[in-house]
Every structure is written in structure tokens, then in C-alpha cells.
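# Summary of structural features
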Amino acid sequence: MERRVLGDGGPELPAVGLGTWRTSNLTAVVHAALGAGATVVDSSPMYGDAERLLGEEALRGRRDHAFVATKIWSQSAEEGRHQAERALSFFGGRIDLYQVHNLSAWRDQLTLIESLRAEGLVRCTGATHYAPSAFGELAQVMRTRRVDCVQIPYNPRERSVEREILPLAEELGIGVVVMRPLGEGALLRRAPGPEELEPLREFGVSTWPQALLKWILSDRRVTVAIPATSKPEWMTENARAGEPPWFGPDERALVERLAAR
Ligand SMILES: NC(=O)c1ccc[n+]([C@@H]2O[C@H](COP(=O)([O-])OP(=O)(O)OC[C@H]3O[C@@H](n4cnc5c(N)ncnc54)[C@H](OP(=O)(O)O)[C@@H]3O)[C@@H](O)[C@H]2O)c1
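What this report covers is the structure whose coordinates are included nearby.

### As for the site of the ligand
The ligand sits among 25 residues. The nearest are D42, Y47, L182, T229 and S230. One nitrogen or oxygen atom from the main chain of L182 is found 2.7 Å from an oxygen atom belonging to the ligand. Measuring from an oxygen atom of the ligand, one finds a side-chain N or O atom of T229 at 2.6 Å. Relative to its unbound accessible area of 890 Å², the ligand is 85% covered by the protein chains. Per element, the largest residue contribution to the shell around the ligand is three residues, and it comes from helix α9 (residues 232–239). Classifying every residue of the shell around the ligand by side-chain character gives twelve nonpolar, eight polar and five charged.

Set out below in C-alpha cells:
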């Protein structure tokens, strides 16, 4: 799988990872992800018990093989510290990418994340938001240069980040993690048939989810896409979209037309 540098001089990450929001069968899916080289695993205290299951079960004995991205999600500084203590206990005392979830109390939480980084407990800092209405504030956070990475939604039907966030990430050397790459599954409901995907076959694409993931990753400003799935075989299929060759404008336009139906 292709590896891309996160931000300016950050770690090299595989282009496909795994999201854990509402993921059942987590251990089997994480093992499939690691086996396929999709070693970035994203979680949050907002995703029920996902952080604990990831750290204590799915990554048991395998912590060193994963790049753990998780988040602080609270309006309260005290609760933020509590979440950080719990997360550090689940993930062997270190978090690879620690993000402020939905920009909640971002000044307080980012200060905490920076202090954890100064102690060597956190490697990279980040901020996330899912809503275009918050992208102005997210851009403000990026301009402080205090985050190595942002996590945003991007797929052929959700392209708001093309206006400001992706150009700014490129300008400032900030990494981009793509959430909701398959539109939470909505983009898969009317999947094109094999004959419609034929022009993409020479790009290593044989399924519609792979076409959507490769559409995202063909924008070189993206560092890693994190599709979620509860099926190990789908994880393996998704990981294959992280290999070059990448789409040009014609292939991207084809995927956009197919996704618009
Ligand atoms: N959505 C948000 O607002 C949000 C916010 C912050 C962070 N995130 C992060 O981003 C991650 C990904 O976003 P997401 O979970 O919202 O949605 P997503 O990855 O766009 O879509 C997940 C859906 O796609 C299906 N799927 C995945 N691979 C497939 C394949 N190869 N073939 C057929 N179906 C496939 C899954 O089905 P099955 O479940 O049946 O396998 C699931 O229904 C989250 O898990 C989380 O870590 C999301």
C-alpha cells in the first residue's frame, strides 16, 4: 500500500485505514486491517466502548503494529483530562494522533494534547469536524499551526472541503484524514455494475467501494481515508484501493457521474 507523509515531516502512513464508529466485529476487522497494511485505526470516546475494545482486545499484543488515532470529546477540561487518562491506559501509554473531536472546547483540549505531546505521550495533534458550517472555525485552528492534521468528510457527494480546507492543508503542510469516505454507506446503495466500472479496472479497481476510495486518494492532498466496516473481507477489499496507479481527471469525473445517480 502507498504510504504518505502526514503533514510536514510527520510519520509516513498507509493511504487506507479503518474507522471504528459503530463497528461491530472489531477485533476481526482490525486484524484484517493490520494484515492488509491498513494500520491507521481511528476511534473516539464518542463511539461507545470502541476505544476500550480497540486497545484492550483488538490490539492486544499488536499495539506496535498500529497507528492509533483517537480523540478528546468534551466541553470540560476536567473531563478531557479524564478521557486522556483512560485512552492512554487502553493504548499502552501513547497515542499516535490525538484529535479534538468536533472542535469541542478546542482551545482547552488542544492545550492538553500539546502538554501530553511535550511529555512524549502523544505523537501528532489534530482537530476534526464533520459539518461544513464548522469549516471556517476549523480553518482558524489550522492557521494557528498547532495541529499536524485535520479529519474531515470527503467523497463525491460531500466536497465542501475543496473550497478552503484542502487548499489550506496543502499550503500549511497539514495532514488530512478523510472520514465518511463511503458516505456512511449511502453511496453504496445504488452501486454501478461491473461493466460501468470497466474503465477503472486498469487502476486496480474491481468494486464500487474501491472506486470511491480511489477517487478520494487520487487527490494527493489527502493523507489517509478511514472507511468503517464490520466485515474483515470488506476491510481487505478497501485496503487494495490504497495502491497506485491513481485516477486522472477523466476517471474522477466518471466516478462523480456514477455517484450522482
Ligand atoms: N460519520 C461521521 O460523522 C464521522 C465523524 C467523525 C469521525 N468519523 C470517522 O470516520 C469513520 C468512517 O466514516 P463512517 O463510519 O461514518 O462511514 P463510511 O466509512 O463512509 O461508511 C461505512 C459504511 O460502508 C459500508 N462498507 C464499508 N466497506 C464496504 C465494502 N467494501 N463493501 C460494502 N460496504 C462497505 C459499511 O458497512 P458494514 O458496517 O455493514 O460493514 C458501513 O455501512 C468512522 O468510523 C469514524 O472513525 C466519522
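### Describing the packing of aromatic side chains
By the definition in use, this model includes four aromatic pairs. Geometrically, the ring pair formed by F90 and F91 is edge-to-face, given 6.4 Å between the ring centres and 85 degrees between the ring planes. Here the guanidinium or amino end of R4 rests over the ring plane of W246, the centre of that ring lying 4.7 Å away. It is R252 that lies over the ring of W215; its NZ or CZ is 4.1 Å from the centre.

The rules we used
Residues numbered from 1 in each chain as written. Predicted model: local features only at pLDDT ≥ 70, side-chain atom pairs only at ≥ 80, totals over all residues. Heavy atoms only, no water. Near = heavy atom within 4 Å. Polar contact = N/O pair within 3.5 Å; in protein donor to acceptor, adjacent residues only side chain to side chain. Areas by Shrake-Rupley, 256 points an atom, 1.4 Å probe, with all protein chains shown as cover. Helix = DSSP H or I, 4+ residues; strand = E, 2+ residues; numbered from the N terminus. Nonpolar A, V, L, I, M, F, W, Y, C, P; charged D, E, K, R; others polar. Phe/Tyr/Trp six-rings, centres within 6.5 Å; stacked < 30°, edge-to-face > 60°. Lys NZ or Arg CZ within 6 Å of the ring centre and 35° of its normal.

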